[in-house]
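Overview (structure and organization)
Listed below are the residues making up each chain.
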Amino acid sequence: QVQLVESGGGLVQAGGSLRLSCAASGSIFVSNAMGWYRQAPGKQRELVAAITRGGSTNYADSVKGRFTISTNNAKNTAYLQMNSLKPEDTAVYLCAAARTLDLLSRGSGAWGQGTQVTVSS
């Protein structure tokens with residue numbers, strides 16, 4: 001089993017930046033893909049960024065050019081750098097890990113508890 005713990009959320013003004021962290025522990029060797037989902041009230045959960053163990057990245061169109069996902073394998077930690085934040089980025093952000101990118105995109109794998117990001121206008 002993989003355990004994921006997020007941190008770094010908070011309140012920020014539009015145009016500001018935040019960096020989320022996701023610390024992984026447990027059977028992390030089985031996770032070849034990690035990513036960040038977000039869930040806003042009344043909206044479907046959305047995969048905003050994903051990264052494979054090989055370093056390939058994918059982004060939702062809504063965050064391309066503003067968000068950057070990365071990992072520090074030595075620290076078993078994934079990050080989401082969020083720049084030029086907009087009020088519509090307000091959501092609970094959840095870290096996820098799965099054996100493959102396909103499984104990650106289907107929402108099948110381990111989940112963190114989530115961290116709230118609120119962007120004020």
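Up top you'll find the structure we're talking about.
Only a predicted model underlies this, so the values are computations on that prediction, with no experimental measurement involved.

**Structural notes on the nonpolar core**
- Residues Leu4, Met34, Trp36, Leu80, Met82 and Tyr93 are the most contacted members of the largest nonpolar core, which totals 28 residues.
- Looking at this core, the elements with two or more residues in it are β1 (2-7), β3 (18-26), β4 (33-39), β5 (46-52), β7 (67-72), β8 (77-82), β9 (91-98) and β11 (115-120).
- Ala33, Tyr37, Ala50 and Ala98 belong to the second largest nonpolar core, which has six residues in total.

**What about the pattern of salt bridges?**
- Using the criterion set out here, one finds five salt bridges in the structure.
- When the shortest N-O distance is used, the salt bridge between Glu46 and Arg38 registers 2.9 Å.
- Here Arg38 falls in the buried class, since its relative accessible area comes to 8%.
- When the shortest N-O distance is used, the salt bridge between Asp61 and Lys64 registers 3.2 Å. For the pair Asp61 and Lys64, a shared accessibility class is recorded, and that class is exposed.
- Residues participating in the shared-partner salt-bridge network are Arg38, Glu46, Arg66 and Asp89.

**Regarding the pairing of β5**
- As judged from the six bridges shared by β4 and β5, these two strands associate in the antiparallel manner. Within β5, the position partnered with Tyr37 by the bridge is Leu47.
- Of the pairings in the sheet, the one linking β5 to strand β6 (residues 57-59) comprises three bridges and is antiparallel in character. The partner of Ala49 across the bridge, within β6, is Tyr59.

**Considering the side chain of Glu6**
- Looking at the secondary structure, you find Glu6 in strand β1.
- It is Arg45 that comes nearest to the buried, bridge-free Glu6 among opposite-charge side chains, at 8.8 Å.
- Reaching out from Glu6, the side chain makes a polar contact with the backbone nitrogen of Gly114 at a distance of 2.9 Å.
- Ignoring any residue separated from it by four or fewer positions in sequence, one finds Glu6 in contact with Ser21, Cys22, Trp36, Tyr93, Leu94, Cys95, Gly112, Gln113, Gly114 and Thr115.

**Describing the state of the cysteines**
- If you walk through the whole model with that rule in mind, you get one disulfide.
- Shown here is the disulfide that connects Cys22 with Cys95, its sulfur atoms set 2.0 Å apart. Residues Cys22 and Cys95 are joined by a disulfide whose S-S torsion is about -80°; by sign, that bridge is left-handed. Taken together, the residues Cys22 in strand β3 and Cys95 in strand β9 connect sequence positions 73 residues apart.
- You can call Cys22 buried: its relative accessible area is 0%.
- The buried category is assigned to Cys95, whose relative accessible area is 0%.

Definitions and limits used
Residues numbered from 1 in each chain as written. Predicted model: local features only at pLDDT ≥ 70, side-chain atom pairs only at ≥ 80, totals over all residues. Heavy atoms only, no water. Core = buried A, V, L, I, M, F, W, Y, C linked by side-chain atoms within 4.5 Å. Buried < 20%, exposed > 50% of the residue type's maximum accessible area, 1.4 Å probe, protein only. Helix = DSSP H or I, 4+ residues; strand = E, 2+ residues; numbered from the N terminus. Salt bridge = Lys/Arg side-chain N within 4 Å of Asp/Glu carboxyl O. Pairing = 2+ DSSP bridges. Lys, Arg positive; Asp, Glu negative; His and termini not counted. Polar contact = N/O pair within 3.5 Å; in protein donor to acceptor, adjacent residues only side chain to side chain. Contact = heavy atoms within 4.5 Å. Disulfide = S-S within 2.5 Å.

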